[in-house]
Amino acid sequence: MDIYETDVLIVGCGIAGLYASLHIDPRLRVLFVTKEGADTSNSWLAQGGIAAAITVEDDPQQHFLDTLEAGAGVCDESAVRVLVNEGPREIAALRQMAVPFDLKPDGTLSVTREGGHHRDRVVHAGGDATGRETVKTLSPLAQTRPNTAFWEHSFFLDLIVSDGRVRGAYVYTEGKTRAALARCVVLCTGGAGRIYGRSTNPSVATGDGIAAARRAGAALKNMEFVQFHPTGLHEQGAPEGRAFLITEALRGEGALLRNTKGERFMAGTHPLDELAPRDIVSRAIVRELNQSGEEFVCLDITGRGRDFLKARFPTVYTECERRGLHIERDFIPVSPVQHYMVGGIATGLWGECTLPGLYSVGESACTGVHGANRLASNSMLECLVFGRRCAEHINAGTPERVPFSPPPVPSPREGDAVRAAAARREIRAVCDRDAGIIRTAAGMARGIAEMRGITESLDATPSADRETCETRNMAHTALCVLEGALSRPESAGTHFVERGAQ
Ligand SMILES: Cc1cc2nc3c(=O)[nH]c(=O)nc-3n(C[C@H](O)[C@H](O)[C@H](O)COP(=O)(O)OP(=O)(O)OC[C@H]3O[C@@H](n4cnc5c(N)ncnc54)[C@H](O)[C@@H]3O)c2cc1C
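1. With respect to the pairing of strand S10 (residues 176-181)
Regular strands show a simple pattern: their side chains alternate between the two faces of the sheet.
Then, in step 1: Of all six residues in S10, five are buried, a share of seventy percent or more.
Then, in step 2: Relative to S10, strand S1 (residues 2-5) is paired through four bridges, and the arrangement is parallel. Looking at S10, one finds that Tyr-4 is bridged to Ala-180.
Then, in step 3: Examined bridge by bridge, strand S9 (residues 165-173) and S10 share six bridges and lie antiparallel to one another. Following the sheet pairing, Thr-173 is matched in S10 by Lys-176.
Then, in step 4: Between the antiparallel neighbours S9 and S10 lie two residues, among them Glu-174 with a positive phi of about 45°.

Written out as structure tokens, the structure reads:
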């Protein structure tokens, strides 16, 4: 087997992986492995911004309280303290790195408000292209570091574990499987939105890191918490797949939710009305849809003029215009859509997992900061704060690599694409039905039984092409979501169990 040796192996080049790599001691060799290029990740698509208490009207304590409130009693308070206290310094560091944040005329950062925040604290770039602008800045910085090698269009298959420690990973690259041996592996593989029929996530979000960590014996945490975004663009007869996101920042700028008769329905459901935490808004929309029998509700930003909307939300404005919607005069049809994996690979305050030699940062990880429901724009902040901390932990004491010969594994071979596609459809149907916004005990139990059948069938052919490997990872991740959900009988945040319902 072809062996490559490095000190730190980072899987995934979203904001978590990129930012962590920039803080790794330059004397350590870093290898990046990523499925596609830098422009295919949740990070690239992030619109609204990054939350941090950076203004004089705000303070980390208020950010702490808002995060706990959204997290519905499940947050890890020590992780939240770290997030809110260390967040402002990461924003300053990004400015130093020349991320082109939007500024006010006086040269200070422009901040907006999103759901669940009691202060304006969300910094943004390119209007509503914060993720893209941040990745475009960080990616070349990471790629040009002399200690860093990049394997793009390369697929991380599984972790290599020996004597209870992670020693590296098997990676399928340039037509063959290679063993990338490392002193530690950092999984920054992002979320798993594609286990649902409609998601804001791109095609790479198949839960590969979460599934591989679980197969290797690392603990997962809070997998039952899956965030749905209330306002995915509803497109008539849209094919299964990615839904375009209408950022929450529109509601921060005054957009209102209305039913198709034009009536508001959020008033009175929460003191923040349309800016209530996402789980509350998503459930209110589902109830409204169940009552009306319609497939969508409407987002109304017609109170704002065309020039403002084009300048502040260029991405949303253009994408809607492309579909014939002029948002300064037309209501935007929206419905809830899978958006973010709150749970993931359990980590401590330095990104360390329960399996020695393994770290995880970003959406694949679960630090506990989001509790049962992520506060808007806290996820990119989490990537930054815990990415830097993870690097510091690695710099402070990664043990020397011991000589080690990995057992060879068969290379992926042509799989059965038809079978993989059918299995994906089944996985999505089960998740939509039994692991969605409103769940029932009977539904979750039924979903587990079906998902076990799907995983067993996919496990029976362990070596296959990328599509089949991803499909297997989706099934493993979906099973963890369902099992986590059934093991938590009480509702909390994004996990809402309807009592007495079948
Ligand atoms: C449409 C949208 C809008 C959002 N808006 C905001 C926002 O305004 N503010 C905010 O804070 N958050 C937002 N989020 C959430 C936020 O963008 C993500 O949670 C965060 O960027 C995740 O970063 P990450 O680095 O952990 O993962 P990602 O950015 O998803 O990167 C994952 C990386 O892992 C790689 N990978 C995965 N599996 C493999 C494998 N098997 N082999 C090799 N490579 C692999 C992928 O190719 C990719 O490079 C948004 C998300 C979406 C989808």
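2. Here we look at the site of the ligand
Then, in step 1: Close contacts around the ligand come from 39 residues, with Ser-43, Gly-49, Asp-208, Glu-363 and Ser-379 the closest.
Then, in step 2: Take Lys-35: an N or O atom from its main chain is 3.0 Å from a nitrogen atom of the ligand.
Then, in step 3: Here Asp-208 contributes a side-chain N or O atom positioned 2.7 Å from a nitrogen atom of the ligand.
Then, in step 4: The fraction of the free accessible surface of the ligand (1000 Å²) that becomes covered by protein chains is 98%.
Then, in step 5: Where the shell around the ligand is concerned, the elements lending two or more residues are helix H1 (15-22), helix H2 (42-45), strand S8 (155-162), strand S18 (332-341) and helix H11 (378-397).
Then, in step 6: Examining the composition of the shell around the ligand, we find that four residues originate from one element, H11, more than from any other.
Then, in step 7: Looking at the shell around the ligand, its residues break down into 14 nonpolar, 20 polar and five charged.

3. Quick look at the domain arrangement of the chain
Then, in step 1: When its domains are assigned, the chain resolves into domain 1 (2-224 + 342-397), domain 2 (230-338) and domain 3 (417-486).
Then, in step 2: Relative placement of domain 1 and domain 3: their C-alpha centres are 25 Å apart.
Then, in step 3: Every contact between the two is made by 20 residues of domain 1 and, on the other side, 20 residues of domain 3.
Then, in step 4: For the pair domain 1 and domain 3, the two sides together bury roughly 1900 Å², of which 56% comes from carbon and sulfur.
Then, in step 5: For domain 1, the biggest contributors to the area lost against domain 3 are Ile-195, Tyr-196 and Glu-224; these three give 32% of the whole.
Then, in step 6: Viewed at the interface, domain 3 and domain 1 are joined by two salt bridges.
Then, in step 7: Put simply, Glu-470 and Lys-35 hold a salt bridge, and the shortest N to O gap is 2.7 Å.

Criteria and cut-off values
Residues numbered from 1 in each chain as written. Predicted model: local features only at pLDDT ≥ 70, side-chain atom pairs only at ≥ 80, totals over all residues. Heavy atoms only, no water. Buried < 20%, exposed > 50% of the residue type's maximum accessible area, 1.4 Å probe, protein only. Helix = DSSP H or I, 4+ residues; strand = E, 2+ residues; numbered from the N terminus. Pairing = 2+ DSSP bridges. Near = heavy atom within 4 Å. Polar contact = N/O pair within 3.5 Å; in protein donor to acceptor, adjacent residues only side chain to side chain. Areas by Shrake-Rupley, 256 points an atom, 1.4 Å probe, with all protein chains shown as cover. Nonpolar A, V, L, I, M, F, W, Y, C, P; charged D, E, K, R; others polar. Domains from an automatic or database assignment. Contact = heavy atoms within 4.5 Å. Buried area = accessible area lost by both parts, 1.4 Å probe. Salt bridge = Lys/Arg side-chain N within 4 Å of Asp/Glu carboxyl O.

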